[in-house]
Every structure is written in C-alpha cells, then in structure tokens.
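Chain residues, written in single-letter form:
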Amino acid sequence: MHVSTPPFPPASRPVKPDWQLIWSDDFSSGKIDPEKWEHEVNAWGGGNEELQYYTARSENSFVRDGQLVIRAERETFTGPEGTRKYTSARLRTRERGDWCGGRIEVRAKLPVGQGIWPAIWMLPTDNHYGIWPHSGEIDIMEILGHLPETVHGTLHYFDPLGRKHHYTGAPHSLAEGHFGEAFHEFAVEWEAGAMHWFVDGHHYQTQTAWSTDGAPFPAPFDQRFHLLLNVAVGGRWPGDPDGTTVFPQEMVVDYVRVYRAAAPASSGSK
C-alpha cells in the first residue's frame, strides 16, 4: 500500500550541480521503443488488490502526437491469468535503463476519478537485499484519482527494529486546479544519503533517513533501480471505481529524462 505520512519540511537544498543527460525518451519516433521500455503483462493486482489486467495491447499504451499514452479502460478482458473488468498498461525500463543516483524527471498529465491510481516510480533491478520491501521502492509521484490536487512522494523500505515494511513520505498540493488539467514535471534528485522531491521545479521534500535489514545506511538505496509508469485501477489505497468514474482514463507522458551529476553520487551510476 502506497501511503504518505505527515510531511517532512524540505531540508536546506544544496546548489544544483551541473547535470549530464544520460537517458531520455521524448517519444518522437511515433511508437513505444522496445529498447527503452518493456510491458509487464499480468493480472495479479500489484499486491494491492488492484482490478486491472495489464496488457501490451495498443489499446492500453501507444504514442500519440509525440507523447506516450497509458490508457485504463473499463472492459472485460481474459488472459492467461484470468478475467478482469478493467485493462491498463504498466511499462518499465528494467535492463534498458537502470541507475543508482541522479535526477529522474518526468513531465506528465495525470488521469483522475475515483479508483484511478497513476504512478511514476522506481524498483530495484537486482533485489540485492532481498524481495520487497527489503530492497526498497522510490515513488516519484502517486496520486489518488478522487483527490486530484495532491500528489505523493514516498520511500518504502524495511524496518529492522519493527521487522516490517516501513514507508516515509510527503504530499504536495497545487494552490489552484488539479493535476489532470495540465502537464506537470515530477522529479527526484537522488544523492548518496539524500532524496529530494520536486514538482514543477518546486522542492517540497527531502529524506535523509531509511533502513533495511542487515545493511548499513544508505542501503537499500545504494543499488541500481529502474523506472515504472502505470495506471492502476482500484486497490486498497484508492478504493474501487464507482458510478462517478469516467472511462477511459489516460496518463499522458511528454518526456522522461535521466541526468547524472557532474560528480556522480555513486560509483554505481550508469
């Protein structure tokens, strides 16, 4: 379950270093590039009791006017893992783009509505410290579709003292309007021992403390991670769609950019 605790005040932000662009996609080729993106196809619900079947069909993910579209549909779909009443897509860069440290930046317009749950996030490529949550998770952006004015940035990891999953994070809300009305830029700057979150260049959160079992800080966030883009439907956190939910719903991604600092934060940067 992806939830945020009360906000942390942003720490004093160091002067932004010179950034070197090392990976990007502006979707100008007119199609989803298989050398950069892999579709995850499954109906297991993400461990959150989500309702969608993630497919690789062009109905659920495609490039339109130089932008990636991830579309959630209300439809009955049957695949090898059963039948679901909703479809969507989940794309990842695993073994195509994997990084330890840097600035990860995505400009997107988000879907809205009860039961709609888009996310821009990162998972460990190698699970060096064990299965989730031991090897961590970085949520650059998540939003509950029924609260479209607020996004959340969260870290997930393992609490060795409590012997359980732990998460820390903060929300960021727009002063006017909501995130389904226009494009916004979501970013994380990942340093050795610090994570900084931004929306439209506004720095709203820094975290400098986390843990995992049997490894010293800054583990687990000292290993390579890959990027995921998806639109989930339903789940324990947002709840299910209802009569007010309009389909289809689309997350539209204008670009993805990954930068490395002039002095890399980690020897594992790639």
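A short tour of the structure in this document, coming up. All values reported here derive from a predicted model rather than from experimental measurement.

### Some points on the overall build of the protein chain
Right, so step 1: Looking only at helices and strands, one finds zero helices and 18 strands in the protein chain.
Right, so step 2: Its C-alpha atoms give the protein chain a radius of gyration of 18 Å, within 12% of the compact-globule value 18 Å for 270 residues.
Right, so step 3: Taken along the three principal axes of its C-alpha coordinates, the protein chain extends 45 × 45 × 40 Å.
Right, so step 4: With 270 residues in all, the protein chain has 56% of them scored as buried.
Right, so step 5: At a minimum sequence separation of 6, the contacts of the protein chain that also span at least 24 residues come to 72%.
Right, so step 6: On the protein chain, roughly 11,300 Å² of surface is accessible, and the fraction owed to carbon and sulfur atoms is 50%.
Right, so step 7: Positive and negative side-chain charges of the protein chain, numbering 24 and 35 respectively, have mean locations separated by a distance of 3 Å.

### Focus: the pattern of salt bridges
Right, so step 1: Scanning the entire structure with this criterion turns up 19 salt bridges.
Right, so step 2: Here Asp213 makes a salt bridge to Arg163, at a shortest N to O gap of 2.8 Å. Here Arg163 lies in the loop between strand S12 (150-159) and strand S13 (164-173) and Asp213 lies in the loop between strand S16 (202-207) and strand S17 (225-233), a separation of 50 residues in the sequence.
Right, so step 3: Residue classification places Asp213 among the partly exposed residues on the basis of a relative accessible area of 30%.
Right, so step 4: According to the relative accessible area criterion, Arg163 is exposed, its value standing at 52%.

### With respect to the nonpolar core
Right, so step 1: Core analysis: the biggest nonpolar cluster contains 48 residues, and Ile120, Phe186, Trp190, Leu227 and Leu229 have the highest contact counts within it.
Right, so step 2: At five residues, S17 tops the list of elements feeding residues into this core.
Right, so step 3: Listed in part, the five residues of the second largest apolar core include Tyr54, Trp117, Ala232 and Trp237.

### Concerning the side chain of Asn42
Right, so step 1: On the secondary structure map, Asn42 appears in the loop between strand S2 (38-39) and strand S3 (52-54).
Right, so step 2: Dropping the residues within four chain positions of it, Asn42 is found in contact with Gln52, Tyr53, Tyr54 and Glu81.

### Side note on the environment of Gln20
Right, so step 1: By secondary structure assignment, the location of Gln20 is in strand S1 (residues 19-25).
Right, so step 2: When the C-alpha atoms of Gln20 and Gly130 are compared, they prove to be 31 Å apart, with 110 residues separating the residues in sequence.
Right, so step 3: Other than its neighbours up to four places away in sequence, Gln20 contacts Val258, Tyr259 and Arg260.

### Regarding the environment of Asp213
Right, so step 1: Residues Asp213 and Ile32 lie 181 residues apart in sequence; the distance between their C-alpha atoms is 38 Å.
Right, so step 2: Beyond its immediate stretch of four places on either side in the chain, Asp213 contacts His134, Phe158, Pro160 and Arg163.
Right, so step 3: Engagement of the side chain of Asp213 in a polar contact is seen with the side chain of Arg163, the distance being 2.8 Å.

### Some thoughts on the pairing of strand S11 (residues 137-143)
Right, so step 1: Of all seven residues that make up S11, seven are buried, and the element is covered over most of its length.
Right, so step 2: With four bridges connecting them, strand S10 (residues 116-124) and S11 associate as antiparallel partners. From the neighbouring strand, Trp121 faces S11, where its bridge partner is Asp139.
Right, so step 3: In this sheet, S12 lies alongside S11 in antiparallel orientation, the contact comprising five bridges. Following the sheet pairing, Asp139 is matched in S12 by Thr154.
Right, so step 4: Counted between consecutive antiparallel strands, the loop separating S11 from S12 contains six residues.

### Structural notes on the packing of aromatic side chains
Right, so step 1: Summed over the entire model, instances satisfying the criterion amount to 11 aromatic pairs.
Right, so step 2: Plain terms: the ring middles of Trp23 and Trp99 are 5.4 Å apart, the flat faces sit at 70° to each other, and that makes the pair edge-to-face. Residue Trp23 is found in strand S1, and its partner Trp99 is found in strand S8 (residues 98-99); the two are separated by 76 residues along the sequence.
Right, so step 3: Overall, Trp99 belongs to the buried group, its relative accessible area being 3%.
Right, so step 4: Pairing Trp117 with Trp237 gives two aromatic rings, centres 5.8 Å apart and planes at 80°, and the pair type is edge-to-face. Here Trp117, found in strand S10, pairs with Trp237, found in the loop between S17 and strand S18 (249-261); they are 120 residues apart in sequence, far enough to count as distant.
Right, so step 5: In this structure, Lys36 is placed above the aromatic ring of Trp23, and the distance from its NZ or CZ to the ring centre is 5.7 Å.

Criteria and thresholds
Residues numbered from 1 in each chain as written. Predicted model: local features only at pLDDT ≥ 70, side-chain atom pairs only at ≥ 80, totals over all residues. Heavy atoms only, no water. Helix = DSSP H or I, 4+ residues; strand = E, 2+ residues; numbered from the N terminus. Rg over C-alpha atoms; globule rule 2.2 N^0.38 Å. Buried < 20%, exposed > 50% of the residue type's maximum accessible area, 1.4 Å probe, protein only. Contact = heavy atoms within 4.5 Å. Areas by Shrake-Rupley, 256 points an atom, 1.4 Å probe, with all protein chains shown as cover. Lys, Arg positive; Asp, Glu negative; His and termini not counted. Charge placed at Lys NZ, Arg CZ, Asp CG, Glu CD. Salt bridge = Lys/Arg side-chain N within 4 Å of Asp/Glu carboxyl O. Core = buried A, V, L, I, M, F, W, Y, C linked by side-chain atoms within 4.5 Å. Polar contact = N/O pair within 3.5 Å; in protein donor to acceptor, adjacent residues only side chain to side chain. Pairing = 2+ DSSP bridges. Phe/Tyr/Trp six-rings, centres within 6.5 Å; stacked < 30°, edge-to-face > 60°. Lys NZ or Arg CZ within 6 Å of the ring centre and 35° of its normal.

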